[in-house]
Amino acid sequence: MTSDDLTPSTHAIPAEFDDAIVWAAWLYYENQLTQNEIAAMIGVSRATIVNYLQEARQKGVVRILMNPEIVARTNIARKLAAKFGLTEALVIPTEKSAEPDARLKALGAGGARLIERMVSPGDTICVSWGRTVLAIADAIALPRPLEGLSVVQVTGSSSGTREFSAELCASIMARNMGAASVNMMAPTVLSTPELRDALMGEPVLKRQFERIGKADMIVFGVGGLAAESTMRLADVTSDEEIDAYAQEGAVAVLICRFLDQHGKQIVRDFDKRVIGIELDGLRSLPRRLCVAGAAQKVDAIRAVLAGGYATHLVTDIEVAEQLLAE
């Protein structure tokens, strides 16, 4: 006789339960015991417990109900992915009354969870900058160490003291992932296009951009052009220059590049002085995670998605509903 041929001891089944199937279901779903623990208590094999639990569901003894809110968000995420040609979308719950810091923390946690699922040993992960990217870097914690990870900065470093600078985002993410941090030894913006071109010819920057071009993943946020936008707060360029982009139809900032509502880049003199990944280079990377939320960024997020810059998206329920409403 094999262990699977064992039958439960009838005296071991409490009187209030009809049979071993009902009791096994109670122990598993209510008492949170493992299948091995239940098998030992009832006197049968673990394989028999698996069959009991399956039969309990078939007979209606157990009904598994998904939280309606989770189901709704899952359906919205699938519709977002289908509409914008994304590999995956993650929609996080947020209250409309939530404070900006709470929203940012939730987005960061969502982005971190998605990266933890996407990353593999030996991956090179490109990282942009901004408050959302910093929130992701703070939240990330791999369930197990992965060998050979690198986190690579994709824009030049900032001369300011903002806590969401490119070099800080890359360093914190690398530290929290146990990865090597590859910072960019150049400023974000040069004074002239000629100086920028000369610096891009330096071997250290050539190697940096070769590494970026071969990366497995890039993580970025999306900025708007409003007064409180990250682009203005970071002092990367003047308010007058940002206003000039806005007058030409810009609605979004993607890693220091300006996009119109259709996701097409608007190019001015400023672009010729920037050291950082070009948008064509961004689009060539296989996995492109965009993490962005808040109602005031809907137009900017829509522009990034329309331009095909993201393969994966993390956003909040309010933004997701507006993106689908059109």
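Thresholds applied
Residues numbered from 1 in each chain as written. Predicted model: local features only at pLDDT ≥ 70, side-chain atom pairs only at ≥ 80, totals over all residues. Heavy atoms only, no water. Helix = DSSP H or I, 4+ residues; strand = E, 2+ residues; numbered from the N terminus. Rg over C-alpha atoms; globule rule 2.2 N^0.38 Å. Buried < 20%, exposed > 50% of the residue type's maximum accessible area, 1.4 Å probe, protein only. Contact = heavy atoms within 4.5 Å. Areas by Shrake-Rupley, 256 points an atom, 1.4 Å probe, with all protein chains shown as cover. Lys, Arg positive; Asp, Glu negative; His and termini not counted. Charge placed at Lys NZ, Arg CZ, Asp CG, Glu CD. Axes fitted to C-alpha atoms, helices over the stretch in contact; angles between N-to-C directions. Parallel < 35°, antiparallel > 145°, perpendicular 65-115°, else oblique. Left-handed = near helix turned anticlockwise from the far one by under 90°. Nonpolar A, V, L, I, M, F, W, Y, C, P; charged D, E, K, R; others polar. Pairing = 2+ DSSP bridges. Phe/Tyr/Trp six-rings, centres within 6.5 Å; stacked < 30°, edge-to-face > 60°. Lys NZ or Arg CZ within 6 Å of the ring centre and 35° of its normal. Polar contact = N/O pair within 3.5 Å; in protein donor to acceptor, adjacent residues only side chain to side chain. pLDDT = per-residue confidence, 0-100.

With that settled, consider the overall build of the protein. Scanning the protein from terminus to terminus reveals 14 helices and 10 strands. Rg of the C-alpha trace for the protein: 26 Å, well past the compact-globule value of 20 Å for 326 residues, more than 25% over. Principal axes of the C-alpha set define a box for the protein whose edges measure 90 × 45 × 30 Å. The buried share of the protein, reckoned over its 326 residues, is 50%. By sequence separation, contacts in the protein at least 24 residues apart represent 71% of the contacts at least 6 residues apart. Summed over all atoms, the accessible surface of the protein reaches about 16100 Å², with 51% contributed by carbon and sulfur. The centroid of the 33 positive side-chain charges in the protein is displaced by 4 Å from the centroid of its 41 negative side-chain charges.

A positive phi angle, near 60°, is found at Gln32, a position not held by glycine. Along the chain, the position of Gln32 falls in the loop between α1 (20-29) and α2 (35-42). On the basis of relative accessible area, Gln32 is assigned to the exposed category, the value being 61%.

Right, let's talk about the packing of helix α5 (residues 100-118) against helix α6 (residues 131-139) for a bit. The geometry of α5 relative to α6 is characterised by a closest axis approach of 7 Å and an angle of 60° between their N-to-C directions. The angle between α5 and α6 falls in the class oblique. Crossing geometry of α5 relative to α6 is assigned as right-handed. In this structure, α5 uses Leu104, Gly108, Ala109, Gly111, Ala112, Arg113, Ile115 and Glu116 to contact α6, whose residues at the interface are Arg131, Thr132, Ala135, Ile136 and Ala139. Looking at the contact of α5 with α6 residue by residue, the class counts come to 7 nonpolar, 3 polar and 3 charged.

To continue, consider the sheet that holds strand β2 (residues 124-127). Across the sheet, 7 strands lie side by side as β1-β10-β9-β5-β2-β3-β4; this open sheet has parallel pairing. The sheet terminates laterally at β1 (88-92) and β4 (180-182), the two strands that pair on one side only. Put simply, the sheet's adjacent strands are angled 20° from each other on average, direction ignored. Taken strand by strand, α5 contacts β1, β5 (217-220), β9 (287-291) and β10 (312-316), and its axis lies near 155° from that of β10. Across the sheet, helix α7 (residues 166-177) is in contact with β2, β3 (150-153) and β4; its angle to β3 comes to roughly 175°.

Our focus in this paragraph is the packing of aromatic side chains. Inspection of every chain in the model, using the stated rule, returns 5 aromatic pairs. Seen in terms of ring centroids, Tyr245 and Phe270 are 6.3 Å apart; in terms of plane orientation they differ by 85°. Their pairing is edge-to-face. You can see Tyr245 sitting in helix α11 (residues 239-247) and its partner Phe270 sitting in the loop between β8 (265-266) and α12 (279-283), a full 25 residues away along the chain. Relative accessible area serves as the criterion here: at 0%, Tyr245 is assigned to the buried category. Residue class for Phe270 comes out buried when judged on its relative accessible area of 0%. Ring geometry for Phe258 versus Phe270: centroids 6.3 Å apart, planes at 75°, classification edge-to-face. With a gap of 12 residues between them, Phe258 in strand β7 (residues 257-259) and Phe270 in the loop between β8 and α12 connect regions that are remote in the sequence. Accessibility expressed as a relative area gives 0% for Phe258, which makes it buried. Members of the aromatic cluster, joined through ring pairs, are Tyr245, Phe258 and Phe270. Here the basic side chain of Arg268 rests over the ring of Tyr245, its NZ or CZ set 5.6 Å away from the ring centre.

By the element assignment, Thr48 lies in helix α3 (residues 46-58). Here Ser45 takes part through its side chain, which lies 3.0 Å from a polar atom of the side chain of Thr48.

On average, residues of the protein carry a pLDDT of 89, and 91% of them reach 70 or more. Low pLDDT (under 50) marks residues 1-5, which in the prediction has 5 contacts with non-local residues, meaning those over four places away or in another chain.

Further remarks concern the sheet that holds strand β6 (residues 252-254). With antiparallel pairing, 3 strands are arranged side by side in an open sheet as β6-β7-β8. The sheet is open, and its two edges are formed by β6 and β8, each paired on a single side. Here β7 pairs with β8 via 2 bridges, running antiparallel. Paired with Phe258 across the bridge in β8 is Ile266.

Our focus in this paragraph is the environment of Ile49. Relative to the helices and strands, Ile49 is located in helix α3. Taking relative accessible area as the criterion, Ile49 reaches 0% and is therefore assigned buried. For the pair formed by Ile49 and Val251, sequence separation is 202 residues and the distance between their alpha carbons is 58 Å. Excluding its chain neighbours within four sequence positions, the residues that come into contact with Ile49 are Ala24, Gln35, Ile38, Ala39, Ile42 and Val44.

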